[in-house]
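Geometric and topological summary
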Amino acid sequence: MSKLLSAAAGATVIVLAFVLNPSAEQHRTKIKAVIAERSLISKALGVGALTALVSTYSSLGVASYTTVNGRTVSIGAFGVVYVRELSP
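Structural notes, computed from the coordinates. This structure is a prediction, so every number in the text was calculated from the model and none was measured.

**Details of the overall build of the protein chain**
Tallying secondary structure elements over the protein chain gives 4 helices and 4 strands in all. Along the protein chain, helices and strands appear, N-terminal first, in the series α-α-α-α-β-β-β-β. Taking 88 residues into account, the globule formula puts the C-alpha radius of gyration at 12 Å, and the protein chain, at 16 Å, lies well above it. Its C-alpha atoms give the protein chain principal-axis dimensions of roughly 60 × 20 × 20 Å. Counting all 88 residues of the protein chain, 27% fall into the buried class. A fraction of 50% describes how many contacts in the protein chain between residues 6 or more apart in sequence connect residues 24 or more apart. For the protein chain, the computed accessible surface area is about 5,900 Å², with 67% contributed by carbon and sulfur atoms.

**Focus on the pattern of salt bridges**
Inspection of every chain in the model, using the stated rule, returns 1 salt bridge. Ionic pairing is found between arginine 38 and glutamate 85, a salt bridge with its closest N-O pair at 3.8 Å. In this pair, arginine 38 sits in helix H2 (residues 24-38) while glutamate 85 sits in the segment after strand S4 (80-83), placing the two residues 47 residues apart along the sequence. Note on arginine 38: relative accessible area 39%, which makes it partly exposed. A relative accessible area of 57% places glutamate 85 in the exposed class.

**A few points about the nonpolar core**
Of all hydrophobic cores here, the largest spans 7 residues; its members are Ile31, Val34, Ile35, Ala52, Val68, Val73 and Val83. At 3 residues, H2 tops the list of elements feeding residues into this core.

**Observations regarding the side chain of asparagine 21**
Take asparagine 21: it is sitting in the loop between helix H1 (2-20) and H2. Judged by relative accessible area, asparagine 21 falls into the buried class, the value being 14%. Of the polar contacts made by the side chain of asparagine 21, one reaches the backbone oxygen of glycine 61; its length is 3.3 Å. Leave out the neighbours within four places in its chain, and asparagine 21 touches Gln26, Tyr57, Ser59, Gly61, Val62, Ala63, Ser64 and Gly76.

Criteria and thresholds
Residues numbered from 1 in each chain as written. Predicted model: local features only at pLDDT ≥ 70, side-chain atom pairs only at ≥ 80, totals over all residues. Heavy atoms only, no water. Helix = DSSP H or I, 4+ residues; strand = E, 2+ residues; numbered from the N terminus. Rg over C-alpha atoms; globule rule 2.2 N^0.38 Å. Buried < 20%, exposed > 50% of the residue type's maximum accessible area, 1.4 Å probe, protein only. Contact = heavy atoms within 4.5 Å. Areas by Shrake-Rupley, 256 points an atom, 1.4 Å probe, with all protein chains shown as cover. Salt bridge = Lys/Arg side-chain N within 4 Å of Asp/Glu carboxyl O. Core = buried A, V, L, I, M, F, W, Y, C linked by side-chain atoms within 4.5 Å. Polar contact = N/O pair within 3.5 Å; in protein donor to acceptor, adjacent residues only side chain to side chain.

Bear in mind that shape data such as this cannot, by itself, settle questions of function.
Right, dumping it as structure tokens:
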């Protein structure tokens with residue numbers, strides 16, 4: 001019974017990961033918001049919107065990420081998107 005319960009819990013986590021995988025739009029919205037929070041100048045110039053526009057979305061099924069010029073900008077899983085600190 002314990003093995004069956006463990007298998008069911010594992011399967012549930014995997015199904016939730018697929019269902020809750022953030023979409024491209026969720027990534028882009030979060031990128032815009034985070035860049036605007038980090039710098040008022042970037043917000044005024046629309047850097048977040050530009051970064052979100054040129055980002056490339058990739059899904060791994062259970063997780064996803066966006067890149068700009070080969071650099072990972074955001075990572076997402078289980079409905080949460082994390083925007084990495086962008087250094088020059």
